[in-house]
Amino acid sequence: MGTSTNMRILVLCALVAAAAAWPSFVDDLSFQSDVVASSTAHKQQDINHLLDKIYEDTKYPDLQEIAKNFNPLGDTSMYNDQGAAAEVLMKELNDHRPLEQHHWYSLFNARQREEALMLFAVLNQCKVWYCFRNNAAYFREQMNEGEFVYALYVGVIHSKLGDGIVLPPLYEITPHMFTNSEVIDKAYSAKMTQKAGTFNVSFTGTKKNKEQRVAYFGEDIGMNIHHVTWHMDFPFWWQDSYGYHLDRKGELFFWVHHQLTARFDFERLSNWLDPVDELHWDRIIREGFAPLTSYKYGGEFPVRPDNIHFEDVDGVAHVHDMEITENRIYEAIDHGYITATDGHTIDIRQPKGIELLGDIIESSMYSPNAQYYGSLHNTAHVMLGRQGDPHGKFNLPPGVMEHFETATRDPSFFRLHKYMDNIFKKHTDSFSPYTHDDLEFAGMAVDGVAIDGELITFFDEFQYSLINAVDSGESIEDVEMNARVHRLNHKEFTYKITVSNSIGSDHLATFRIFLCPIEDNNGITLTLDKERWLCIELDKFFQKVPSGTHTIHRSSKDSSVTVPDMPSFHSLKEQADDAVNGGHDLDLSAYERSCGIPDRMLLPKSKPEGMEFNLFVAVTDGDKDTEGHNGDHDHGGTHAQCGVHGEAYPDNRPLGYPLERRIPDERVFDGVPNIKHVVVKIVHHPEHHD
Ligand SMILES: [Cu+2]
């Protein structure tokens, strides 16, 4: 008996069990056959087909058939909400309200977001894959493509039905959002002239622009995917009524952006650039940005010249409103409490405080008082995105800052996030420093830390397909067309951490590894207190340490901060088709999560002559850290910055522990045996290619 038969029987059993809960559902044979058929391979194939050439009507006959004949309100027993969400969206459609196709889409546009979320709500209410796929196929042909793609991605991420599916890399689904216009134009020519081609993508700008030296960071397609996926995993619009609570969302918002900020400053350090200065509402925005990128529909992304004053943006906010919002947040930090809508106060000088602060700064639907504390982060993104056309005089489309996949290209992104990072720092600085007793893990000592292998970075060459950027025509065949980009990469290495456990028995330990600068950009040695805020998290993992002295080996590939390179859309299609045709199983679980720093970018680039950094390792009590959590504590290995899908964050300590609080006296850290740092050297090989 083949695996697929086993699978079918398994699913059939599940169906019979489910039938008890949904009596009307078993009467419909189409549902039954669908449930039997929807193995991971089938689901993956459906998603691939739904996302193929999203700006055109689907070419797949089964999806065409569904788009024509499926009625979302035909049998409402397939939904958990008896079709309530579908009714809302169908009414909008019948009233001809939704945004047209072939128009730009931005999540920060309230009405467009509302529409995308209407579709998300429908998909999220589906009990079975039949419902999910059919609704997706139906609304694909009815709704704006940007709204559709967004709803489908967050639908797959957050619905149980999406388990096991790997979402194709967005740079191959909506290549315009990741690729400059010059290369997109070449792809069009390739198609028209029927000449296959691979086109080099250069980073935006020229050598006259100092910021271009670090464009490889903000314009890295994997980093863009990390950022957009994090915001899909933890959407600001999320409400728990969608199905579950996003654990420590506000704190993760702080941590993931703090890490982006710290990583960007690390790259600047090795490129002879000053650290990013924070954004000031009352000063000029120093760096302009010319995206040299176009929407598929909607023209070019607007340019912002250097040294412009912040302008009020019609219909969004006055600069003064932003300052008021900022003042209110600083006031909350100084008071140590925030005021909820009903006037009661919520203490934030407590471990959960940073989470609430993140909620009000972003702001997310978790904010206890968005009316009063506003929406500093989201509104600032739009304010910055519109500075090229603040009064809408030129009818320009949204700026790169108004999309999570393009925002990190603009240097103002890092200014904005440095500004917010400083607000968070003011809050964490209000806590008393950790004492020796807080930090000590009695009976556990780190005797040595070393690296097996060399810490070497280089640039690799990577290609992705532009097929989905260009239109199809009946008489013109697609030709192979790729974009070739340079990406930061590093050689694989292993940490060797020697630990002595004198507790007398095996004990679970949490290993927290950070890389920290030793000197600032002027060559001045940093105090530990300055250094700790600039550290980048390299890994965090839980491991049993046997009694006695042992050396723990941990590969850089296993970092819980990073994700591996994603399979291409072509490979996902091939694998799903093979599995469906061959009747065998598909296991792509290693690629299911695309939230996380790309593994390639784990290490900062450094310099050809090498740079020294502190490798900081803290080993803490794993039993305490994971108390109340079960499982293997590994959770697919991307938990550090992206949490665990649908579950509580596996580590009870504050994010960034033990470096998130101020350290006025370094001797406290030096006197704790379970914390150690060593100097390591990272060398950049400019000539090396993979
Ligand atoms: Cu962000």
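The name recorded for the chain in an unreviewed UniProt entry is Hemocyanin, from Panulirus japonicus. Taken verbatim from the UniProt record of the chain, the Sequence similarities (unreviewed entry) comment is "Belongs to the tyrosinase family. Hemocyanin subfamily."

Hydrogen bonds along the backbone pair up the strands of a sheet, which may run parallel or antiparallel. Ordered by their spatial adjacency, seven strands build an open sheet running 1-8-7-16-15-10-11, and the pairing between neighbours is mixed. A single partner strand is all that each edge strand has here, and the edge strands are strand 1 (197-200) and strand 11 (536-545). When strand polarity is set aside, the average angle formed by the axes of neighbouring strands in this sheet is 35°. By the bridge criterion, four bridges tie strand 1 to strand 8 (residues 481-490) in an arrangement that is parallel. In the sheet register, Phe 199 faces strand 8, and the bridge partner there is Ala 483. Running at roughly 165° to strand 1, helix 10 (residues 181-193) makes contact with strand 1 and strand 8 of the sheet.

Along its 18 residues, helix 18 (residues 411-428) runs 26 Å from first to last C-alpha, staying within 8% of the 26 Å computed at 1.5 Å per residue. In terms of burial, helix 18 is a largely internal element, 15 of the 18 residues being buried. Taking the backbone nitrogen of Ser 412 as reference, a side-chain oxygen 2.9 Å away marks Asp 410 as the first, capping residue of helix 18.

Here we take up the coordination of the copper ion. The copper ion binds to the protein through His 227 (NE2), His 231 (NE2) and His 257 (NE2); the donor distances cover 1.9 to 2.1 Å. Linear spacing of the donor residues for the copper ion on their chain is H-x3-H-x25-H. Residue His 227 and its partner His 231 are located together in helix 12 (residues 221-233), separated by four residues, close to a single helical turn. For the residue pair His 227 and His 231, the accessibility class agrees, reading buried in each case.

Reading guide: rules and limits
Residues numbered from 1 in each chain as written. Predicted model: local features only at pLDDT ≥ 70, side-chain atom pairs only at ≥ 80, totals over all residues. Heavy atoms only, no water. UniProt positions renumbered as here; feature names shortened; annotations may be inferred. Pairing = 2+ DSSP bridges. Helix = DSSP H or I, 4+ residues; strand = E, 2+ residues; numbered from the N terminus. Axes fitted to C-alpha atoms, helices over the stretch in contact; angles between N-to-C directions. Contact = heavy atoms within 4.5 Å. Expected span 1.5 Å × (residues − 1). Buried < 20%, exposed > 50% of the residue type's maximum accessible area, 1.4 Å probe, protein only. Polar contact = N/O pair within 3.5 Å; in protein donor to acceptor, adjacent residues only side chain to side chain. Donors = N, O, S within 2.8 Å, 3.2 Å for Na, K, Ca; no water.

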